[in-house]
Amino acid sequence: MHETTYEITTQPRPADYPAYLPAPEGLVMLPSEIPPGVQMVTLPGGIRTLAYTQPTAPAAPLVPVVQPIPAWAKTTALLTPTIGGGIAAAGIGLSYAAPGLIAMSQALWSAVALIAAAAIGVPVLLRLGRAATGAGGGTTHITQNITASGMFGKAHGTINYR
C-alpha cells in the first residue's frame, strides 16, 4: 500500500484581506481537470471563479406538429353541403309555387272583400226589402218566460207576441 502524508500549515489571515482570495493568474486549471457541470463564471463583483451551473436544455428543433381536426369542425364541414342543398331545394320549390301563391293571395283578398260586402250589404238589403213590402211599419215585441223546478227538472215556457 502506498501511503501519502500531507502537512497542513495555517497562517492567520490579516484583517484587511477579503474573505475570498482569487487565484493568481498563473494558476489556471486545464479544461480536462474541470469536472463536468463546473464552468468558469464571472460574479457580479467582477471576480471570475469556477462554479456548478445548471445545464441549459438544448433548443428543440422547430418541427411542425400535426394537430387533429376538432369534432365541431368536422361536423360543420359535413353539414354545410346538406344545409346549402336544403336551401337550394326550398328556393326551387318556391319558384315553382310562386304563381300559385300569388293566385291564392289574390283569392284571399277577394274572399275578404266578399265577407266585408256581405257584412255591410245584407242588412242594408233586408231593410230595403221590408220598406218596399210594407212589413217594416211596426215592431213586434216577443217575450218568453221559462220556469223549471229543481236542478234537473223539466222546463216549461210561454211565448207572447205583442
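The structure presented is a predicted model; accordingly, all values stated were derived computationally and were not measured.

### Some details on the overall build of the chain
Helix and strand counts for the chain stand at 1 helix and 4 strands. Each helix and strand of the chain, ordered N terminal to C terminal, gives the series β-β-α-β-β. Within the chain, the proportion of its 162 residues that are buried is 1%. A fraction of 5% describes how many contacts in the chain between residues 6 or more apart in sequence connect residues 24 or more apart. As displayed, the chain offers around 15400 Å² of accessible surface, 67% of which is attributable to carbon and sulfur atoms.

### Focus: the pairing of strand β2 (residues 48-52)
Alignment of strand β1 (residues 38-42) against β2, held across 5 bridges, turns out to be antiparallel. Residue pairing across strands places Q39 opposite A51, the latter belonging to β2. The turn linking β1 back onto β2 is made up of 5 residues, and G46 within it adopts a positive phi angle of 95°.

### A few points about the confidence of the model for the chain
Averaged over all residues, the pLDDT of the chain is 80; the fraction at 70 or higher stands at 78%. Helix α1 (residues 71-133) holds the highest mean pLDDT among the elements of the chain, 91, whereas β1 holds the lowest, 80.

### Focus: the pairing of strand β4 (residues 155-161)
In the sheet, strand β3 (residues 142-148) pairs with β4 via 7 bridges, with the strands oriented antiparallel. Each residue of the ladder has a partner; that of I142, found in β4, is Y161. Where β3 folds back onto β4 in an antiparallel hairpin, the turn is made up of 6 residues, including G150, whose phi is positive at roughly 80°.

### Describing the environment of T147
Relative to the helices and strands, T147 resides in strand β3. For the pair T147 and G157, spaced 10 residues apart in sequence, the C-alpha to C-alpha distance is 6.1 Å. Look past the residues within four positions of T147 in its chain and what remains in contact with it is K154, A155 and H156.

### As for a nonpolar patch on the surface
A contiguous nonpolar patch, built from I120, V124, L125 and L128 and spanning about 420 Å² of accessible area, is present on the exposed surface. Inspection of the secondary structure puts L128 in helix α1. Judged by relative accessible area, which is 54%, L128 ranks as exposed.

Scoring rules and cut-offs
Residues numbered from 1 in each chain as written. Predicted model: local features only at pLDDT ≥ 70, side-chain atom pairs only at ≥ 80, totals over all residues. Heavy atoms only, no water. Helix = DSSP H or I, 4+ residues; strand = E, 2+ residues; numbered from the N terminus. Buried < 20%, exposed > 50% of the residue type's maximum accessible area, 1.4 Å probe, protein only. Contact = heavy atoms within 4.5 Å. Areas by Shrake-Rupley, 256 points an atom, 1.4 Å probe, with all protein chains shown as cover. Pairing = 2+ DSSP bridges. pLDDT = per-residue confidence, 0-100. Patch = residues over 30% accessible without salt bridge, like charges linked within 9 Å, V, L, I, M, F, W, Y side chains within 5 Å. Salt bridge = Lys/Arg side-chain N within 4 Å of Asp/Glu carboxyl O.

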